[in-house]
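Listed below are the residues making up each chain.
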Amino acid sequence: MQEKAFCPAIFEYKGPMLSIREARCMSGNREYGDLFRAESHCICVQPWEYELDARTVAVFKHFMKMDDRALLSFTSTSPLAEGPSFVTNMRSILDLLTKYPRSKELFPDKRAEFRFGWKETQGWVELNDAPQPAGAGEEAVTGP
């Protein structure tokens, strides 16, 4: 039997529009689409339809008032395994969805997708001409 080394990968930067991409699941949408397009070497984020009811928005606002430990406990299936940025990312997602409880508010221009290409000197840069979605300016678009 051969001995092998195990080296877990850690990705500090997870690409552009992370909060918006992660909000898809929290908004009830289960269709994720293809994030990376190998043929064009682009990250593509597709808008999705959603509308949060008043109760869901109220629950998300309640979660945002929790201390970090309680928020971790209520929002993670594996609280002991989460990385140090989990709670910060969760707060960002909850904030985004309470500010924009309907897709027409987050994606007002009805674009088909937001495309990003990697530029060695700039990181991920948007390849579309149209404006970003309403909540996109709240996080960095550049890479490591």
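First, a word on what this report is: a plain description of the structure on this page. Keep in mind it's a predicted model, so treat the numbers as computed, not measured.

Thoughts on the overall build of the chain
Tallying secondary structure elements over the chain gives five helices and four strands in all. Across the chain, helices and strands are ordered from the amino to the carboxyl terminus as α-β-β-α-α-α-α-β-β. Expressed as a percentage of its 144 residues, the buried residues of the chain come to 35%. Restricting the contact set of the chain to residue pairs at least 6 apart, pairs at least 24 apart contribute 59%.

Quick look at helix α2 (residues 54–65)
A rise of 1.5 Å per residue sets the reference length of α2, with its 12 residues, at 16 Å; its end C-alpha atoms lie 17 Å apart and thus fit the reference within 8%. Every buried residue of α2 is accounted for by V57, F60 and F63. Within α2, the buried residues cover an arc of 115 degrees as seen down the axis, which keeps them to one side. For α2, the exposed residues lying more than 90 degrees away from the buried face are A54, R55 and K65. Those residues of α2 that are buried are in contact with α1 (18–26), α3 (68–75) and α4 (86–99).

Details of the pairing of strand β4 (residues 123–126)
Relative to β4, strand β3 (residues 114–119) is paired through four bridges, and the arrangement is antiparallel. Its bridge partner being in β4, G117 is matched across the sheet by V125. In textbook terms, the turn of a hairpin is the stretch between consecutive antiparallel strands, and for β3 and β4 this stretch comprises three residues.

Re the pattern of salt bridges
According to the stated counting rule, one finds five salt bridges in the structure shown. Here K99 ties to D95 by a salt bridge, and the two come within 3.2 Å at their closest N and O atoms. You can see K99 and its partner D95 sitting in helix α4, four residues apart, about one turn around the helix. As a salt-bridge pair, E113 and R115 come within 3.9 Å of each other at their nearest N and O atoms. Residue classification places E113 among the buried residues on the basis of a relative accessible area of 18%. Connected through salt bridges with shared partners, the residues R37, E113 and R115 form a single ionic network.

Side note on α4
The end-to-end C-alpha distance of α4, which contains 14 residues, comes to 20 Å, matching closely the 20 Å that a straight helix rising 1.5 Å per residue would cover. When α4 is considered as a whole, its buried residues turn out to be F86, V87, M90, I93, L94, L96, L97 and T98. Looking at the buried residues of α4, the elements they touch are α1, α2, α3 and α5 (103–106).

Definitions and cut-offs
- Residues numbered from 1 in each chain as written.
- Predicted model: local features only at pLDDT ≥ 70, side-chain atom pairs only at ≥ 80, totals over all residues.
- Heavy atoms only, no water.
- Helix = DSSP H or I, 4+ residues; strand = E, 2+ residues; numbered from the N terminus.
- Buried < 20%, exposed > 50% of the residue type's maximum accessible area, 1.4 Å probe, protein only.
- Contact = heavy atoms within 4.5 Å.
- Expected span 1.5 Å × (residues − 1).
- Arc of directions from axis to C-beta.
- Pairing = 2+ DSSP bridges.
- Salt bridge = Lys/Arg side-chain N within 4 Å of Asp/Glu carboxyl O.

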